[in-house]
Amino acid sequence: MQDLGIRVLLEGNNMIRLLDGLWVTVRISLLAVVISIVMGILLGMVMTLKNPVTKALTRIYLEFIRIMPQLVLLFLIYFGAAKAFNIHISGELSAVIVFTLWGTAEMGDLVRGALISIPKHQYDSSAALGLTGIQIYRYIIIPQTLRRLIPLAINLVTRMIKTTSLIVLIGVVEVLKVGQQIIEASRYTAPSAALWIYGTVFFLYFIVCFPISKLSGKLEKRWQN
Amino acid sequence: MSKTDYLLEIKNLEKSFEGGTKVLKDFSFSVQTGEVVVILGPSGCGKSTLLRCINGLEPIQAGTILLDGQSITDGKTKWSQIRQKIGMVFQSYDLFPHMTVFENILLGPLKVQGRTREEAGIAGEKLLERVGLLEKKDAYPRQLSGGQKQRVAIVRALMMEPEIMLFDEVTAALDPEMVREVLDVILELARGGMTMLIVTHEMQFARAIADRILFLDEGQIVESAAPEDFFGHPETERAQRFLNIFQFEK
Amino acid sequence: MDWNFISEYVPMYIQAAWTTLSLAFWGILLSLFIGLFCSLTLYFKVPVLKRVTAAYVELSRNTPLLVQLFFLYFGLPKIGIVISSQSCAIIGLAFLGGSYMSEALRSGLESVEKGQVEAALSVGLNQGQIVRYVILPQAVSVSVPPLCANIIFLIKETSVFSVVALADLMYVAKDLIGLYYKTDEALLLLVLSYLAILLPISIAASVLERRVRYAGFGN
């Protein structure tokens, strides 16, 4: 029975189909991450402003996005926005919108954290050397900020990929959905397929996420001081 | 004379770190009861390591350490037993930050020695009084100055009623105006006849408190002399060079 | 908005929220135990065990809960291991949460300075006493913020429980959207339910964090 199950993986183009499904997830994550990084840097800089209005608005945005499960956000866009504006938003587009909203919030907070973590005496001592305002940012502040930021931003990528697994629940055909289809199709020929397919999906996620989190951890350690 | 002529005896001690660097080489010396020995030497000479070996915080590769004529390095006695007889005070005070001063000094007596809270409490109050910190009894370490923390650390070690006290550069992390209050406590202990091994960079203090100066360099004893001899006319060139660091001329 | 519809279905949401919360409670409790065990084996570098633990932490942190649940609920029965929906949810959450709790506690353990251990040794405390009286109290207070963040994170993660056939909040919302097309009402109730669960916990967590920081030990 079980050898039948494992054969399902190798039959026809099943493995390729699974990988294609995985790519859907990864593609959505990467797209959302890239947009999030750009928007997040802007948001983070806005968040360090002392203006009470921007402070309150960004705070509300951040808190709401953070407190809601991402699946709820997906439902809000996929079902809610579609009805409210009477348009059909595809599952994939909903996912990109939601993960960008979420990623921007997370990234914005990381950028804000990195910016305010630079001690004031760094500004003071570079000013004491006679550096101009732009030079201070160019040579002192930005390099230090990036070192704090990059590992965390890379870590955000793995969180994004893992979270993107949720899109199967709004009908996007990704790796889990493809897996389900394969299991359905081989229901009679390989009854134990579910074990092997879901086990494989589990490890596929691991294979994608593990190197990225390792990289993030390495960089963080290297740049700690 | 019985073996217990010396309180602490170190015989042919060898100590190297994991990388293979030798810190102490064939190191031998002894301390009599009531004697105050100050250990001087350039940084990296092995003086702190020596204290840490005596307290079992560093494994040794060869040699014996005897306390009261009993080997403490043969693995027969538990270190937690031995350490009750050896008080140690560190440069960084290392008070337990989540406990008040009183809890800090009572932890050992209550949990290790199984003494009663009443009895140990009275002893603790007496000692705190002696170092002038009785009113800080219920304060947390973060509410104390560096000098006060270090005095509490000394009391914490004394609470175990040790036979010998080890001081590892206890004033090195202190602001200059706080050094005195800590050194005064140690001077008072010396007057009370406490046996002590002191690693310090305070030369005036070393001269005043020591019965004997031990000058170490590269893991070996270079000179062992009475303080007036060592500071007055050091015999070796290495010791002279070391003492010159503390002289200023314009 | 159809307010009658809303008031009619509030009890259903409360029921669903209760399902979510009770499963989350057990899952989080279990994950705390797993986390404590793992963090101690990693901190004390227990031979062999530390490798198993490290592998578990990596597996758990680098895979989504949704996929873990699919494997538990749909995969394992194929080799005769049938686990109920409730148990799947709790096991899945604990498997995921254990590694997060472990990391949170480990960061606390590692924040306790070496000097603390040496000072404790030098008054004669033994290993067990040092862990109990010196290391753990300090580690836990450093770990409070990440532990709180993990609890909130895990409660949010419960939103996928519907895939193992549990009638949780997402399940109810999707049902109402599908059956009656009451999208606005269903989503409003969904958002309010999660706010009702998570907002108090999040506020409590930040109060607790401030307390811990106030009692901060900084020398």
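See the structure printed just above.
The rules behind each value
Sequence order as written defines the numbering, with residues in each chain counted from 1. Chain letters and ligand numbers both follow the written order, the letters beginning at A and the numbers at 1. Local features in this predicted model are restricted to residues whose pLDDT is 70 or higher, and side-chain atom pairs enter the listing and the counts only when it is 80 or higher, whereas totals over whole chains, interfaces and linings include all residues. Here the side-chain values reflect all heavy atoms present in the structure, with hydrogen atoms and water set aside. Residues count as neighbours in contact if any of their non-hydrogen atoms are within 4.5 Å of one another. Think of a salt bridge as a Lys or Arg side-chain nitrogen and an Asp or Glu carboxyl oxygen that are within 4 Å of each other. Distance and chemistry together define a polar contact, namely a pair of N or O atoms within 3.5 Å, with one atom able to donate a hydrogen and the other to accept it when in protein, and with adjacent residues in sequence counting only for side-chain atoms on both sides. Only DSSP runs of H or I covering at least 4 residues are called helices, and only runs of E covering at least 2 are called strands; the numbering of each starts at the N terminus. Residue classes follow a fixed rule: Ala, Val, Leu, Ile, Met, Phe, Trp, Tyr, Cys and Pro count as nonpolar, while Asp, Glu, Lys and Arg count as charged, and any other residue, Gly among them, counts as polar. Here an angle of 0 to 180 degrees is reported between the N-to-C directions of two axes, which are lines fitted to C-alpha atoms, with helices fitted over the stretch in contact. Roughly parallel covers angles under 35 degrees, roughly antiparallel covers those over 145, roughly perpendicular covers 65 to 115, and oblique covers all other angles. We call Phe, Tyr and Trp rings a pair once their centres come within 6.5 Å, taking the six-membered ring for Trp, and we label the pair stacked below 30 degrees between planes, edge-to-face above 60, and tilted otherwise. Working definition: with a 1.4 Å probe on protein chains only, accessible area under 20% of the residue-type maximum means buried, over 50% means exposed, and in between means partly exposed. Two distance rules govern patches: like charges are joined within 9 Å, and nonpolar side chains (Val, Leu, Ile, Met, Phe, Trp, Tyr) within 5 Å, applied only to residues with over 30% relative accessible area and no salt bridge. All accessibility values rest on the Shrake-Rupley procedure with a 1.4 Å probe; residue burial counts only the protein chains present in the view. Summarising the geometry, the arc corresponds to the directions from the helix axis toward the C-beta atoms. Counting rule applied: Lys, Arg positive; Asp, Glu negative; His and chain ends not counted. Charge positions are represented by NZ for Lys, CZ for Arg, CG for Asp and CD for Glu. The span expected for a helix works out to 1.5 Å for each residue beyond the first. For a residue, the bend is simply the angle between two axes, fitted respectively to the seven-residue segment ending there and the seven-residue segment starting there. DSSP bridges decide pairing: two strands pair if at least two such bridges lie between them.

Q: What exactly am I supposed to notice about the interface of chain C and chain A here?
A: Note on interface size: it is often stated as the accessible area lost on association of the parts. Contacts between the two partners involve 36 residues from chain C and, on the opposite side, 36 residues from chain A. Linking D184 of chain C and K83 of chain A is a salt bridge whose minimum nitrogen-to-oxygen distance equals 3.8 Å. One can count 6 residue pairs in polar contact (both at pLDDT 80 or more) joining chain C with chain A. Secondary structure elements with two or more residues in the side of chain C that touches chain A: α2 (49-61), α3 (65-75), α4 (85-111), α7 (169-180) and α8 (183-214) of chain C. Ranked by residues supplied to the side of chain C that touches chain A, first place goes to α8 of chain C with 10 residues. Partitioning the side of chain C that touches chain A into residue classes produces 23 nonpolar, 7 polar and 6 charged.

Q: I would appreciate a short explanation of the interface of chain B and chain C in the present structure.
A: Facing 22 residues of chain B, the contacting portion of chain C comprises 21 residues. Our count for the chain B to chain C interface comes out at 1 salt bridge. A salt bridge links R52 of chain B to E118 of chain C; its shortest N-O distance comes to 2.5 Å. The tally of links from chain B across to chain C stands at 5 residue pairs in polar contact (both at pLDDT 80 or more). The set of elements that each furnish at least two residues to the side of chain B that touches chain C consists of β6 (86-89), α3 (101-112) and α5 (146-158) of chain B. Among the elements that take part in the side of chain B that touches chain C, α3 of chain B stands out by supplying 4 residues, more than any other.

Q: Got a minute to help me understand the arrangement of the chains in this structure?
A: By contact count, the leading pair among the 2 pairs of chains in contact is chains A and C. Between chain A and chain B there is no contact, and the shortest C-alpha to C-alpha distance separating them is 22 Å.

Q: For this particular structure, what's the right way to read the packing of helix α2 (residues 14-47) of chain A against helix α3 (residues 52-67) of chain A?
A: All names here are of chain A. At their nearest, the axes of α2 and α3 sit 9 Å apart, and the two run at 135° to each other. In terms of orientation, α2 lies oblique with respect to α3. Of α3, the residues touching α2 (which contributes L43, V46 and M47) are T54, T58, Y61 and L62. Of the residues in the contact of α2 with α3, the class split is 5 nonpolar, 2 polar and no charged.

Q: Looking at this model, I keep getting lost on the packing of aromatic side chains. Mind explaining?
A: To describe a pair of aromatic rings, one takes the distance between the centres and the angle between the planes. Residues and elements named next belong to chain B. Inspection of the entire model under this criterion finds 23 aromatic pairs over all chains. Aromatic side chains F215 and F230 sit 5.8 Å apart centroid to centroid with 35° between the ring planes, which places their arrangement in the tilted category. Taken together, the residues span a long stretch of sequence, with F215 in strand β9 (residues 212-217) and F230 in helix α8 (residues 227-232) at a distance of 15 residues. Taken as a pair, F215 and F230 share a single burial class, namely buried.

Q: Would you mind showing me how to read a nonpolar patch on the surface here?
A: Residue and element names in this part refer to chain A. Together, L31, I35, V38, M39 and L42 line one region of the surface with nonpolar side chains, adding up to about 440 Å² of accessible area. Along the chain, M39 turns up in helix α2. Overall, M39 belongs to the partly exposed group, its relative accessible area being 42%.

Q: Is there a simple way to think about helix α9 (residues 237-244) of chain B in this case?
A: Within an α-helix, residues lying three or four positions from one another point in the same direction, as the helix has 3.6 residues per turn. All names here are of chain B. Restricting attention to buried positions, one finds in α9 the residues A239, F242 and L243. The buried residues of α9 occupy an angular sector of 95° when projected down its axis, which confines them to one face. Those residues of α9 that are buried lie in contact with β3 (36-40), α7 (203-209), β9, β10 (220-225) and α8.

Q: Which parts of the structure should I look at to understand a positive patch on the surface?
A: Residue and element names in this part refer to chain A. There is a patch of like positive charges on the surface, built from R147, K218, K221 and R222. You can see K218 is positioned in helix α9 (residues 193-222). Under the relative-accessibility criterion, K218 is labelled exposed at 59%.

Q: Would you mind showing me how to read helix α6 (residues 127-157) of chain C here?
A: With 31 residues, α6 of chain C ought to run about 45 Å at 1.5 Å a step, yet its terminal C-alpha atoms sit only 37 Å apart, falling short of that. Most pronounced at V144 of chain C, the bend in α6 of chain C amounts to some 50°, and the proline P145 of chain C follows within four residues.

Q: Can you walk me through the side chain of K47 of chain B in this structure?
A: Residues and elements named next belong to chain B. As for its position among the elements, K47 is in helix α1 (residues 47-54). A distance of 3.1 Å separates the side chain of K47 from the backbone oxygen of G41, its partner in a polar contact. Not counting residues within four places of it along the chain, the set of residues in contact with K47 comprises I39, L40, G41, P42, E169, V199, H201 and L216.

Q: Would you mind showing me how to read the environment of V152 of chain B here?
A: Residue and element names in this part refer to chain B. Structurally, V152 is set in helix α5. Assessed through its relative accessible area of 0%, V152 is described here as buried. Once the C-alpha coordinates of V152 and I105 are considered, the two residues, 47 residues apart in sequence, prove to be 7.5 Å apart. Other than its neighbours up to four places away in sequence, V152 contacts L95, V101, I105, L133 and L144.

Q: So what exactly am I meant to see when it comes to the sheet that holds strand β2 (residues 22-32) of chain B here?
A: Consider a sheet: its strands pair through backbone hydrogen bonds, and that pairing is either parallel or antiparallel. All names here are of chain B. With antiparallel pairing, the 4 strands of this open sheet are ordered in space as β2-β1-β4-β5. Strand pairing shows two members of the sheet lacking a second neighbour, β2 and β5 (70-71), which therefore form its edges. As paired strands, strand β4 (residues 62-67) and β5 are joined by 2 bridges and run antiparallel to one another. What sits directly across from L66, in β5, is S71.

Q: It is not clear to me how unusual backbone geometry should be interpreted in this structure. Could you clarify?
A: Excluding glycine, most residues fall at negative phi; most peptide bonds, likewise, are trans. Residues and elements named next belong to chain C. At K45, a position not held by glycine, the phi torsion is positive, near 50°. Relative to the assigned elements, K45 resides in the loop between α1 (3-43) and α2. Accessibility expressed as a relative area gives 57% for K45, which makes it exposed. The phi dihedral of A165 falls on the positive side, at around 60°, and the residue is not glycine. Tracing the sequence through the fold places A165 in the loop between α6 and α7.

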